[in-house]
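# Examining the three-dimensional arrangement
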Amino acid sequence: MMTDDALIIDQRFGLGARAAATTPSNSVSQALLDEFGRYQALPPLWQQYQQTLPSIEQEMQEMRMINQAGSPEDKLQLRRQMRNEARDNYTEAVQVRAQVAQQTDTPFVERLVHFWSNHFAISAQKSQVTQLAGLFELQAIRPFVLGTFKDMLFAVEKHPAMLIYLDQQQSRGPQSEAVQRQMRRQPDKKSGLNENLAREILELHTLGVRSGYSQQDVTEFARALTGWTVPGPKLTGETDARYPGFVFNERVHEPDVRQLLGKTYAQPGVQQAEAILTDLAAAPATATHVATKLACHFAGDQPPPTLINRLRDTYLQTGGQLPALYRVLMEAPECRVPTPVKFKTPWEWLISSVRALDIDLSHVRVSQVMTQLGQPIWKPGSPAGYDDVAESWLASNALLRRVEYAQRLASLTKLSMPPAVLANTVLRGRLSQETLQQVSRAESAHTGFALLLVSPEFLRR
């Protein structure tokens, strides 16, 4: 294999080379395809984490205990206890995510997990989602990363983290049985449709902005989604073993036939929104939206239209088979140019740094570090997720934080090799003379390692 090919596997498609990196003997495509067979949707670290968590039903039981607590002081104490447990579980989930990314021998697939998790963004800043953030990636993203877009879409939109994040559990059909009964008993109490989930599915998850849907389409889709919710203290409903924590509550579902994007949907109950989701997953606009985001992630902030078109056509020809899209990326000349095409996000930079320096992550509180670096995990400022373009991460104060943290990371490594040797290993010899001189002439090994982490070559992929 050529040096440039190994660098592309490590940096463009992977999560960065390790100190003990060797050169793969296969071609770029074959080396990446081999990862599909090795990938573990539930690796041991995630398995251990999952075993420590309560089920959704147990969480609902805890909420019930709060509601039934006798005094305001007791309720306050129980709420504080739940918040602390949720914060601890979030911190542990971020730690596990980083450990898996550091140790994995399938870095291309792990990168794709991170990509899809950001595409279907939730936010742990919402207190009820904090506990569920890690489970969302574990249950709705990881098992489907090598499947179809439709299957991942269903798992995401039915996961409690997404339903709660976008307030879907509050949505009630104006003509539903529950709302009509409430209006008779309490005519002044407001309760009605919430369009958040419907809007974000259309705008961010499937078709994309300016793809031709109207406000009326959003409202009709929101009506079809009524009844999609999570288990509540007093709620029982139709469940689905494939989607833990999802409940369909017929009593709040808006009855009637729906008209959406020129098509009629007459299905009853939960099947109506499922039929719409199925059509959205197969829509040409969704294919273009997904193709554009994947091309941007692997071929540069302004991806070539020719690559987008090939990805879109493959999506439509294969019914949204994600591995088929990944093969297009692996073989695309646009993704194999030897010069870096992307500036690393803080997450990409941290993970590539700890892989290069072989750092024991038990000494690093990753959730705290990511907050300091400006990209707290599962906490983007909006449902659009974190930006995937350089201008969002190039501010001088953001770079200064990387410089400061590079020194801290360098102080944690136990590598004994000279920094210049490490630099040549993880960057496959593609160092400028200036960078090599700075790393080689550093006053100490730790300073040399820190200079490597903030070199122009390491900051890009």
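Please refer to the structure placed before this passage.
Residue positions within a chain follow its written sequence, with the count starting from 1. Local features are withheld for residues below a pLDDT of 70 in this predicted model, meaning they are given only at 70 or higher, and side-chain atom pairs are given and counted only at 80 or more; totals for whole chains, interfaces and linings count all residues. No hydrogens and no water enter the side-chain calculation; it runs on all heavy atoms of the structure.

Our next topic: empty space enclosed by the protein. Each cavity reported here is a set of points on a 1 Å grid over the protein atoms alone in which a 1.4 Å probe fits but cannot get out, each pocket an open set with protein on both sides within 12 Å along at least five of seven lines, and each lining residue one with an atom within 4 Å of a point. Grid points are joined across faces, edges and corners, and a volume is the space filled by probe spheres set on the points. Evaluation of the coordinates by the stated rule reveals one cavity of 30 Å³ or more. As a volume, the largest cavity reaches approximately 40 Å³. Taken together, Asp-10, Gln-11, Gly-14, Leu-15, Gly-16, Arg-111, Lys-344, Glu-348, Ser-352 and Arg-461 make up the full set of residues lining the largest cavity. The helix and strand labels rest on DSSP assignments: H or I over at least four residues marks a helix, E over at least two residues marks a strand, and numbering proceeds from the N terminus. Sorting the residues of the lining of the largest cavity by element identifies α1 (3–13) and α18 (346–357) as the ones contributing at least two each. A breakdown of the residues in the lining of the largest cavity according to their chemical character gives one nonpolar, four polar and five charged. For this scheme, ten residues count as nonpolar: Ala, Val, Leu, Ile, Met, Phe, Trp, Tyr, Cys and Pro. Four count as charged, namely Asp, Glu, Lys and Arg, and the remainder, Gly too, count as polar.

Centre distance within 6.5 Å is the pairing criterion for rings of Phe, Tyr and Trp, where only the six-membered ring of Trp is used; planes under 30 degrees apart are then read as stacked, over 60 as edge-to-face, and the remainder as tilted. Taken as a whole, this structure holds 15 aromatic pairs when the rule is applied. Taken together, a centroid distance of 6.0 Å and an interplanar angle of 50° make the contact between Tyr-386 and Trp-393 tilted. Buried, partly exposed and exposed residues are distinguished by accessible area as a fraction of the type maximum, computed with a 1.4 Å probe on protein chains only: under 20%, between the cut-offs, and over 50%, respectively. Residue class for Trp-393 comes out buried when judged on its relative accessible area of 8%. One aromatic cluster is present, formed by Phe-13, Phe-36, Phe-108, Phe-298 and Tyr-326 through successive ring pairs. In our convention, an over-ring charge means Lys NZ or Arg CZ found within 6 Å of a ring centre and within 35 degrees of that ring's normal. Stacked on the ring of Trp-228, the Lys or Arg Lys-158 has its end atom at 5.1 Å from the ring centre. The ring of Phe-458 carries the charged tip of Lys-344 above its face, separated from the ring centre by 3.9 Å.

Attention shifts here to the packing of helix α6 (residues 107–119) against helix α15 (residues 284–299). Relative to each other, α6 and α15 sit at 130°, their axes nearing to 12 Å. What the angle tells us is that α6 and α15 run oblique. Crossing handedness for the pair α6 and α15: right-handed. For the pair α6 and α15, the contacting residues are Phe-108, Arg-111, Leu-112, Phe-115, Trp-116 and His-119 in the first and His-289, Val-290, Lys-293, Leu-294, His-297 and Phe-298 in the second. In terms of residue class, the contact of α6 with α15 is made up of seven nonpolar, three polar and two charged. Angular values range over 0 to 180 degrees, each being the angle between N-to-C directions of two axes fitted as lines to C-alpha atoms, with helices fitted over their stretch in contact. Oblique is the label for any angle not covered by the other classes, which are roughly parallel (under 35 degrees), roughly antiparallel (over 145) and roughly perpendicular (65 to 115). With the far helix as reference, a near helix turned anticlockwise by less than a right angle produces a left-handed crossing, and one turned clockwise produces a right-handed crossing. The criterion used for residue contact is that any of the two residues' heavy atoms lie within 4.5 Å.

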